[in-house]
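Structural overview for review
Below, each chain spelled out in residue letters.
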Amino acid sequence: MSADFDVIVIGGGHNGLVSAAWLAKAGRKVLLLERRSALGGSASTEELFPGFHFNTGAADAGLLQSSVIKELDLHSHGLEFIDSRVAAFAPQPDGRALTLWRDPEKSSYEIAAHSANDARAFLLFQQQNERFAKLLTRYAGLRPPTIRNNSPGVLLAWVQLALRLRGLGRRDMMEFLRVLPMSAYHYLNEHFEGDLLRGLLASVSVTGSMQGPRASGTAFMLLYQLMGTPNGSFRSSLVVRGGLGQLSAALARAAKASGAVIKTTAPVQSILSENGRVLGVRLQTGEGLRAKAVLSSADPHTTFLGLLGAPQLEPRFSRRLRSLKLRGSTSSVHLALSALPDFPAAAGEMQRLAGAIVICPSLDYAEHAYDDAKVGRLSSQPIIEARIPSLLDPSLAPAGSHTLSMTVRYAPYQLRESDWDAQRENLGDLAVETLSKVALDLKSLILNRKVITPLDYERDYGLRQGSIMHGLMGLDQLLFMRPVPGFVGYRSPIDGLYLCGAGAHPGGGVTGAPGLNAARQAHKELG
Amino acid sequence: MAEPYDAIVIGGGHNGLVNAAYLARAGLRVQVLEKRPLVGGATVSEEIYPGFKFSVFSYVVSLLRPEIIRDLELPKHGLTILPLESTLTPLPNGDYIYRGSDPHETFRSIARFSTRDAEAYREYGHAMYQMAKAVRYILGIRPPDPTSLHPRELGALLRLGRHFLKLDEDNFYTLVKLMTMGSADFLEEWFETDPLIATLSSSGIIGTFLGPRSPGSAYVLLHHYMGEIDGVFRAWGFQKGGTGGIAEAIASSARHLGVEIRTDAPVAKVLTRRGRASGVVLENGDELQARLVVSSLDPKLTFLKLTDPADLPDDLVNAVRHFDTHGSSGKVNLALDAAPEFNCWPGDGPHLRGAISISPSVDYIERAYDAAKYGHFSPNPYIDAIFPSMIDPDMAPPGKHVMSCFVQYAPYNLAEGTWEQQREAFGDAVVNTLSQYIPNLKKIILHRQVLSPWDIEQTVGLSGGNIFQGELSLSQLFFLRPAPGYAQYRTPIHGYYQCGSGTHPGGGITGAPGRLAALEILKDLRR
């Protein structure tokens with residue numbers, strides 16, 4: 001029986017596009033199918049209001065594996081980065097503020113205004129984190145080991161990683177092993193005394209999480225967010241010219257240049273399989289397409305329970321899949337502004353606003369925000385990470401006006417006393433209200449507003465339960481436990497069906513790692 | 001001056017006594033020094049009210065290692081464990097869940113809420129038995145040093161790896177989950193009845209500063225399943241005459257082996273000569289010479305009080321300063337004029353001879369934890385109570401009873417006031433909470449003793465009042481306990497050793513740290 005394609009990739013998010021581009025470049029005949037009318041998934045830039053372009057999912061490409069850019073030669077396909085020197089700005093209603101810069105020395109100087117001890121501690125902290133993050137970057141590029149019968153190749157890779165860890169020296173190695181399972185709360189308290197600094201860094205440690213900074217494993221998440229392009233110990237950052245969507249566009253161009261076929265508005269109805277072997281996919285139009293391998297960048301539930309169907313799976317696998325914790329808790333609010341808001345705490349230095357603007361003044365603030373979410377309520381005092389991309393990239397908004405996007409935590413997918421269709425605008429008001437405390441004239445500048453709740457991320461972006469990570473990244477859902485225990489390096493229980501999205505190791509964020517690792521795996525096994 | 005001892009053991013708690021007994025057993029001349037008038041540390045029974053005997057601090061036993069019971073012939077010296085066979089969870093609506101020694105009765109009790117849970121309960125018990133059996137192995141070994149390339153250490157690591165890879169896949173993954181998850185999240189993969197999940201999950205928070213949903217609490221849950229009495233796993237018991245009877249049995253066995261025990265002998269400092277431990281000086285100025293000194297006190301006292309931090313490497317001093325000993329548990333001991341009457345189960349019954357768990361829902365415990373996070377005790381605390389006199393009538397005059405209530409959370413650091421000011425308010429919160437389930441309680445209270453973490457620190461010495469001598473968190477376990485590189489019971493000072501719960505495998509009346517430390521010491525002495 002002849003296949004129409006070597007490989008069909010489901011989902012045109014950044015991971016799906018990485019898989020498609022890499023496999024096409026490797027000489028495979030590739031078809032990519034995207035449900036929505038535009039590519040990018042959670043790495044999209046959308047014109048929500050005429051002339052105003054927003055990054056509706058992730059903000060930038062900070063976590064992107066450099067190997068993705070190199071191997072797919074993305075620069076020659078139009079990927080352009082904008083340099084930004086500021087990492088994060090933490091304004092206070094009382095006018096105090098703390099700015100972290102890409103240059104740690106400069107940050108240390110700022111921190112000194114709050115605490116001399118912290119200023120000293122910060123440099124050591126930053127150097128240690130960079131060493132650890134480098135290790136994690138390698139870890140992200142490896143195929144997870146299984147508990148037995150590993151291929152020599154996999155074992156060798158992990159032994160090499162272990163030696164590299166040992167190479168850091170005894171003290172560093174021990175520290176790494178000690179810090180990974182720690183809570184950000186303890187990790188940050190061990191190093192710093194200043195609330196503002198601890199809160200600012202804690203906001204990174206709860207990315208996509210349904211835990212507060214006191215939860216063990218949040219220190220790992222902090223380090224995970226420092227992979228890729230160092231950003232002075234704040235979330236790694238790499239701003240894409242024209243918006244993050246241009247990364248997806250460049251990936252698409254790279255894929256097409258190697259002959260991959262890309263279809264949008266082509267929702268897949270089901271994944272076809274026969275006696276445990278994948279045959280292809282059926283589109284919602286009824287059209288059936290055959291392929292030797294299918295790579296799905298959809299989340300694990302959608303892929304296996306939705307598209308493939310539990311009957312095709314052994315009961316144990318589907319049981320394990322059902323206990324995968326998703327618990328989306330991230331929402332976003334996007335504002336079209338007639339002018340740049342006035343942040344008194346920035347004291348007229350607009351450049352301070354060019355990175356992340358964070359409202360998370362202390363560890364307890366973050367923990368309190370989680371206390372609400374834990375019982376199914378929107379945080380009454382949410383953690384907000386705002387960005388004004390139009391500052392660095394005027395092309396995103398009409399002359400003189402600006403785009404402002406806020407990530408708002410925690411907005412638990414499951415609300416106990418209400419539902420998101422009823423709460424959507426309250427969430428928007430709360431976010432604007434919260435930011436107005438440090439940007440006084442904000443409300444008067446708002447031309448338009450779009451709120452994206454976890455429910456919207458599920459409905460419109462296909463993220464089940466609005467889980468931006470395709471499943472929580474707690475210690476119990478990493479490596480060979482991700483997405484389900486015993487899941488072997490991207491290969492599903494169905495021969496020829498691979499998972500290439502954030503649900504697979506190493507997990508969420510615009511890393512491209514799952515897409516790249518899965519593509520390599522599939523290519524090897526297609527022979 | 002008196003002929004020097006071979007060894008001086010500082011602290012006459014159960015671990016100090018076990019350590020001394022094992023050293024004496026190998027022929028050493030050993031002196032135990034206890035600051036209080038009686039041995040036992042946190043394992044004591046005292047008649048704090050005429051005619052009523054209390055297990056003042058710790059209150060149940062099951063974790064005491066069988067090899068220690070054998071080696072030290074403890075039954076011959078008065079160890080008599082009476083079974084504690086049931087747990088009653090009274091509910092606010094007047095209902096209850098009862099789990100007793102009769103599996104059918106337990107099945108019926110749970111089945112009233114969910115037959116699925118009643119069935120799962122058996123599987124769950126079996127699975128935890130398997131897990132405990134697997135992990136019990138590490139209770140018996142000295143933690144290997146993963147950073148060392150010494151064949152001895154690599155060998156130990158290899159044996160450890162082999163031991164766990166021997167597990168079948170399901171058990172292995174369950175173990176990984178236990179090591180990383182929150183106890184409530186773990187239990188929700190088994191059960192659906194909230195009060196049952198809450199009661200079972202409470203074993204995961206005992207003695208820790210974690211909530212049932214905090215990752216890491218599932219490990220503490222497992223830790224409490226590692227108990228064995230007469231080879232029967234998870235059998236909790238109660239020492240005749242109170243917990244103090246255990247310490248007295250070990251002490252008697254130690255004396256029988258030639259150990260000299262001196263009470264009212266608080267140690268001020270460890271003496272060193274040419275970088276070697278040479279003895280101790282008591283607070284009254286007496287000097288005692290010994291070839292080696294063992295401290296069963298917590299790491300903070302062992303390193304920062306008994307020795308001069310200036311004589312220790314910085315990494316150890318820093319690690320010990322950061323070692324988390326933040327106490328979270330309180331104890332309320334009541335002398336009762338008559339038998340308690342439960343509104344959910346009036347009159348006498350087997351429930352009075354078991355544990356009473358005030359844990360009506362997971363949210364209930366989480367809310368109590370939330371209060372503690374910000375330095376308050378909850379008006380609705382989690383309580384684990386028993387009536388020792390119901391099991392052992394000698395504990396109280398005829399017709400009268402003692403009630404022992406273990407309470408969480410009682411944060412060592414209060415947001416307002418001191419524990420001296422808050423102590424009785426805390427006691428009131430406990431009594432009020434219990435009165436909702438035991439209407440006649442207030443009328444029958446003859447005497448009340450309230451112990452906060454601060455009181456525990458004052459009397460027993462435990463830093464921060466932490467009953468485990470330090471949190472049982474992933475970053476403070478095994479080769480990281482009490483500090484990276486110092487987990488093998490030795491210290492940087494020759495001839496100075498540690499043997500308390502602050503070392504592997506941690507807290508609870510296991511005696512394991514005392515024994516493992518003794519084995520290391522004897523290795524060094526080539527005995």
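As the structure is a computational prediction, the values presented were derived from the model and not from experiment.

**Brief notes about the overall build of chain B**
Counting its regular elements, chain B contains 18 helices and 20 strands. Rg of the C-alpha trace for chain B: 22 Å, near the compact-globule value of 24 Å for 527 residues, within the 12% margin. With respect to the three principal axes, the spread of C-alpha positions in chain B is 70 × 55 × 50 Å.

**Observations regarding the sheet that holds strand β16 (residues 402-409) of chain A**
Residue and element names in this part refer to chain A. One open sheet holds the 7 strands; their spatial order is β7-β6-β14-β15-β16-β13-β17, and the pairing between them is mixed. Both edges of this open sheet fall to β7 (97-101) and β17 (446-452), since each of them pairs with a single strand only. Each strand of the sheet is rotated relative to its neighbour by a mean of 20 degrees, with strand direction disregarded. Pairing analysis gives 5 bridges linking strand β15 (residues 383-387) to β16, with the strands arranged antiparallel.

**Looking at the pairing of strand β12 (residues 267-273) of chain B**
Looking at chain direction, β12 of chain B and strand β13 (residues 276-282) of chain B are connected through 6 bridges and run antiparallel. Of the residues in β13 of chain B, the one forming a bridge with V267 of chain B is L282 of chain B.

**Some details on the environment of T174 of chain B**
Mapped onto the elements of the fold, T174 of chain B is located in helix α6 (residues 169-180). Expressed as a C-alpha distance, the spacing of T174 of chain B and Q130 of chain B, which sit 44 residues apart in the sequence, is 10.0 Å.

**Quick notes on the interface of chain A and chain B**
With 31 residues of chain A in contact, the opposing surface of chain B contributes 30 residues. Of all elements in the fold, only α6 (170-179), α7 (184-191) and α13 (363-374) of chain A reach the threshold of two or more residues within the side of chain A that touches chain B. The biggest single contributor to the side of chain A that touches chain B is α6 of chain A, with 6 residues. Among the residues making up the side of chain A that touches chain B, the classes are represented as 11 nonpolar, 7 polar and 13 charged.

**Some words on the nonpolar core**
Counting 169 residues, the largest nonpolar core has I8, A21, L251 and A255 of chain A as the members making the most contacts within it. Sequence-distant contacts of A255 of chain A, that is, excluding residues within four places in its chain, are made with L17, A20, A21, A24, L32, A260 and I262 of chain A. In this structure, V9, A118, M181 and A429 of chain B belong to the second largest nonpolar core, which totals 158 residues.

**Description of the pairing of strand β16 (residues 355-358) of chain B**
Residues and elements named next belong to chain B. Here β16 shows a buried face lined by A355 and S357 and a second buried face lined by I356 and I358. Across 2 bridges, the pairing between strand β6 (residues 87-90) and β16 is parallel. Residue pairing in the sheet places T87 in a bridge with A355 of β16. By the bridge criterion, 3 bridges tie β16 to strand β17 (residues 382-386) in an arrangement that is antiparallel. Paired with I356 across the strands is A385, a residue of β17.

**Notes on unusual backbone geometry**
Residue and element names in this part refer to chain A. With omega at 0 degrees, the peptide bond leading from H505 into P506 counts as cis. Structurally, the position occupied by P506 is in the loop between β18 (497-499) and α17 (513-526). Within the chain, H470 stands out as a residue other than glycine whose phi angle is a positive 55 degrees. Its 34 C-beta neighbours within 10 Å are what place H470 among the buried residues.

Quick notes on the rules
Residues numbered from 1 in each chain as written. Chains lettered and ligands numbered in written order. Predicted model: local features only at pLDDT ≥ 70, side-chain atom pairs only at ≥ 80, totals over all residues. Helix = DSSP H or I, 4+ residues; strand = E, 2+ residues; numbered from the N terminus. Rg over C-alpha atoms; globule rule 2.2 N^0.38 Å. Pairing = 2+ DSSP bridges. Axes fitted to C-alpha atoms, helices over the stretch in contact; angles between N-to-C directions. Contact = placed C-beta atoms within 7 Å. Nonpolar A, V, L, I, M, F, W, Y, C, P; charged D, E, K, R; others polar. Core = buried A, V, L, I, M, F, W, Y, C linked by C-beta atoms within 7 Å. Buried ≥ 20, exposed ≤ 12 C-beta atoms within 10 Å, placed from the backbone.

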